[in-house]
Amino acid sequence: MLIHGASGGVGQFAAQLAKLAGATVIGTASTRNHDHLRSLGVEPVGYGPELEGAVRELAPDGVDVVIDLVGADALERSDSLMATDARVGSITDGEGALARGGVYVFVRPSAEDLALLATLIDEGKLSVDVAQTFPLDEASEAYRVLAEGHVRGKIVLTP
Ligand SMILES: NC(=O)c1ccc[n+]([C@@H]2O[C@H](COP(=O)([O-])OP(=O)(O)OC[C@H]3O[C@@H](n4cnc5c(N)ncnc54)[C@H](OP(=O)(O)O)[C@@H]3O)[C@@H](O)[C@H]2O)c1
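Values in this document were obtained by computation on a predicted structure and should not be read as measured data.

Student: Give me the domain arrangement of the protein chain: which residues, what numbers.
Tutor: The domain boundaries assigned to the protein chain delineate domain 1 (2-104) and domain 2 (129-159). Once you take the C-alpha centre of each, domain 1 and domain 2 turn out to be 24 Å apart. Counting from both sides, the interface comprises eleven residues of domain 1 and, opposite them, six residues of domain 2. Contact between domain 1 and domain 2 buries roughly 600 Å² in total, counting both sides, with carbon and sulfur atoms accounting for 48%. One can count zero salt bridges joining domain 1 with domain 2.

Below is the structure:
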């Protein structure tokens, strides 16, 4: 599986859940986050011009699944990296995912899913990487930092 944006808030969960399901995971991230991805069992690759060559080296027959958590040209760049009948999912590029016969996922509140995640965390099977904590009245600063697009993991707001 190739996950675009594996070091982000969504990406780290996606990568860990994929690993738990038995997938071999290749994840894109900036170089400074590669060691962290390795610690999660993910094979890191950059998302600069090296992306295609690095993925081909790791998955010469193509990847079976592409998860796009970045948007922009991530799906376009994945086209030549996919095995026949590979599946595509995106949370950022609905049009691109649907054009490839894939799924566009949009978050919805689910107590059941949250309980499952909490259980996995309690069991030590899933880790939550907290990059920074802000008091609630500094939420605008938290959003500013998040909007830069390079938070590793999650930002937490405290009461
Ligand atoms: N559809 C939905 O329901 C839903 C739900 C939640 C989030 N989203 C959207 O999904 C996206 C990811 O959310 P998030 O919370 O995981 O964001 P995030 O924590 O900010 O993570 C962003 C990720 O993108 C990577 N990245 C940044 N610039 C990039 C570039 N130019 N090319 C490739 N990768 C790049 C970052 O890698 P490095 O830091 O290692 O560079 C990081 O892994 C956001 O656009 C968000 O709005 C959608």
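Moving on from the model shown.
Student: Which residues make up the side chain of R77, and what values do they have?
Tutor: With respect to the secondary-structure elements, R77 resides in helix α4 (residues 74-78). One polar contact links the side chain of R77 to the main-chain carbonyl oxygen of Y47, over a distance of 2.9 Å. Setting aside anything within four residues of it in sequence, one finds R77 in contact with Y47, G48, P49, L51 and E52.

Student: Could you give me a rundown of the environment of K125, with the residues and numbers involved?
Tutor: Note that K125 resides in the loop between α6 (111-122) and β7 (130-135). For K125, the contacting residues outside a window of four places in its chain are Q16, L20 and L120.

Student: Account for the sheet that holds strand β5 (residues 82-90), naming residues and giving values.
Tutor: Remark on secondary structure: sheet strands pair via backbone hydrogen bonds, oriented parallel or antiparallel. Reading across the sheet, the six strands line up as β3-β2-β1-β4-β5-β6 and stay open at both edges, with parallel pairing between neighbours. Two strands close off the open sheet at either side, each with one partner strand: β3 (43-45) and β6 (103-104). Bridge count for strand β1 (residues 2-4) against strand β2 (residues 26-28) is two bridges, and the pairing is parallel. Bridged to I3 within β2 is G27. Relative to β3, helix α3 (residues 51-58) is tilted by about 155°, and along the sheet it contacts β1, β2, β3 and β4 (63-68).

Student: How would you sum up helix α1 (residues 9-20)? Please name residues and give values.
Tutor: One turn of the α-helix equals 3.6 residues, which is why residues spaced by three or four share an orientation. The end-to-end C-alpha distance of α1, which contains twelve residues, comes to 17 Å, matching closely the 16 Å that a straight helix rising 1.5 Å per residue would cover. Listed as buried for α1 are G9, G11, Q12, F13, A15, Q16 and A18. Where α1 is buried, its residues meet β1, α2 (34-39) and β8 (154-158).

Student: Can you lay out the site of the ligand for me, pointing to particular residues and giving the numbers?
Tutor: In the region of the ligand, 20 residues are neighbours, and S7, S30, Y47, V107 and H150 sit closest. Between a nitrogen atom of the ligand and a main-chain N or O atom of V105, the distance comes to 3.1 Å. If the ligand stood free it would expose 930 Å²; the protein chains cover 72% of that surface. Of the domains in this structure, domain 1 (2-104) and domain 2 (129-159) are the two that each give at least three residues to the shell around the ligand.

Student: Can you tell me about the packing of aromatic side chains, naming the residues and giving the values?
Tutor: Evaluation of the coordinates by the stated rule reveals one aromatic pair. On the numbers, 6.3 Å between centres and 65° between planes, the contact of Y104 with F106 is edge-to-face. Given the relative accessible area of 58%, F106 is considered exposed.

What counts and what doesn't
Residue indices begin from 1 for each chain and proceed along its sequence in written order. Confidence filtering applies because this is a predicted model: local features only for residues at pLDDT of at least 70, side-chain atom pairs given and counted only at 80 or more, and all residues used for totals across whole chains, interfaces and linings. As a convention, hydrogens and water are excluded, and side-chain values are obtained from all of the structure's heavy atoms. For each domain, the first and last residues come from an automatic or database assignment. Only heavy atoms enter the contact rule, under which two residues are in contact if any of them lie within 4.5 Å. A 1.4 Å probe defines the accessible area here, and the buried area is the portion of it lost by two parts on being joined, summed over both. Here, a salt bridge means any Lys or Arg side-chain nitrogen found within 4 Å of an Asp or Glu carboxyl oxygen. Helix and strand assignments follow DSSP, with helices taken as H or I runs no shorter than four residues and strands as E runs no shorter than two, numbered in order from the N terminus. In the analysis that follows, any N or O atom pair within 3.5 Å is treated as a polar contact, provided that within protein one partner can donate a hydrogen and the other can accept it, and provided that, for residues neighboring in sequence, both atoms belong to side chains. Any two strands with at least two DSSP bridges between them are considered paired. Every axis corresponds to a line fitted to the C-alpha atoms, with the helix fit spanning only the stretch in contact, and the corresponding angles, defined between N-to-C directions, vary from 0 to 180 degrees. Here a helix's expected span is defined as the number of its residues, less one, multiplied by 1.5 Å. Relative accessibility thresholds used throughout: buried, under 20% of the residue-type maximum; exposed, over 50%; partly exposed, between the two (1.4 Å probe, protein chains only). A cutoff of 4 Å decides nearness: a residue is near a molecule or strand if any of its heavy atoms lies inside that distance of it. Note on areas: these come from Shrake-Rupley sampling with a 1.4 Å probe, and a residue is covered only by the protein chains present in the view. Here a Phe, Tyr or Trp ring, Trp counted by its six-membered ring, pairs with any other such ring whose centre lies within 6.5 Å, and the pair is stacked when the planes are under 30 degrees apart, edge-to-face when over 60, and tilted otherwise.

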